[in-house]
Amino acid sequence: MAAKGTTIKEALARWEEKSGEKSKDAKVVKLNGILPPVDKMDASLSTLACCEQLSLSTNNIEKIANLNGLKNLKILSLGRNNIKSLTGLEAVGDTLQELWISYNLIEKLKGVNVLKKLKVLHMSNNLVKDIMNS
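Residues numbered from 1 in each chain as written. Predicted model: local features only at pLDDT ≥ 70, side-chain atom pairs only at ≥ 80, totals over all residues. Heavy atoms only, no water.

S.K.: Just checking my understanding: could you explain helix α1 (residues 8-19) for this structure?
M.R.: Owing to its 3.6 residues per turn, the α-helix aligns residues three or four sequence positions apart on the same side. With 12 residues, α1 should cover 16 Å at 1.5 Å per step; its first-to-last C-alpha distance of 16 Å lies within 8% of that length. All of the buried residues along α1 are I8, A11, L12 and W15. Here the buried residues of α1 occupy an arc of 100° about the axis, which is enough to place them on one side. Counted as exposed and oriented over 90 degrees from the buried face of α1: K9 and E17. Looking at the buried residues of α1, the elements they touch are β1 (28-30). Backbone geometry just after α1 places G20 at a positive phi near 75°. (Helix = DSSP H or I, 4+ residues; strand = E, 2+ residues; numbered from the N terminus. Expected span 1.5 Å × (residues − 1). Buried < 20%, exposed > 50% of the residue type's maximum accessible area, 1.4 Å probe, protein only. Arc of directions from axis to C-beta. Contact = heavy atoms within 4.5 Å.)

Have a look at this one:
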């Protein structure tokens, strides 16, 4: 049986311990390369109301989810995961300015159109074949 992944709640508790900050008040939260890896973006993310920069790179996340509580999110970093599509970004459509999503399994750009303020999109090393028909 595979080892159970780390939950967002557990990862946040570890991050708070290490950083000495409260995650609910933090502007920058980095949960990169957690062991065992985070495998889903669960509802605990909604506690990050003040967060402007969230990084969940180098984990085992398969889909973007539970961003509705992140009312101030400007930068989302999800590089080096197993994300297959850009769905789930609607909740941060009015605030997100940078999306870092290189080294995933994304085939289409569908979903990125909801990001009205997007200025930076890093998505090298994905499976997108045709930008025009995405």
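S.K.: Just checking my understanding: could you explain the sheet that holds strand β3 (residues 75-77) for this structure?
M.R.: Picture the strands of a sheet paired through backbone hydrogen bonds; they go either parallel or antiparallel. Strand order in the open sheet made by the five strands is β1-β2-β3-β4-β5, with parallel pairing throughout. Looking at strand neighbours, the two that pair on one side only are β1 and β5 (120-122), the edges of this open sheet. Across the sheet, the mean angle separating the axes of adjacent strands is 5° when strand polarity is ignored. (Pairing = 2+ DSSP bridges. Axes fitted to C-alpha atoms, helices over the stretch in contact; angles between N-to-C directions.)

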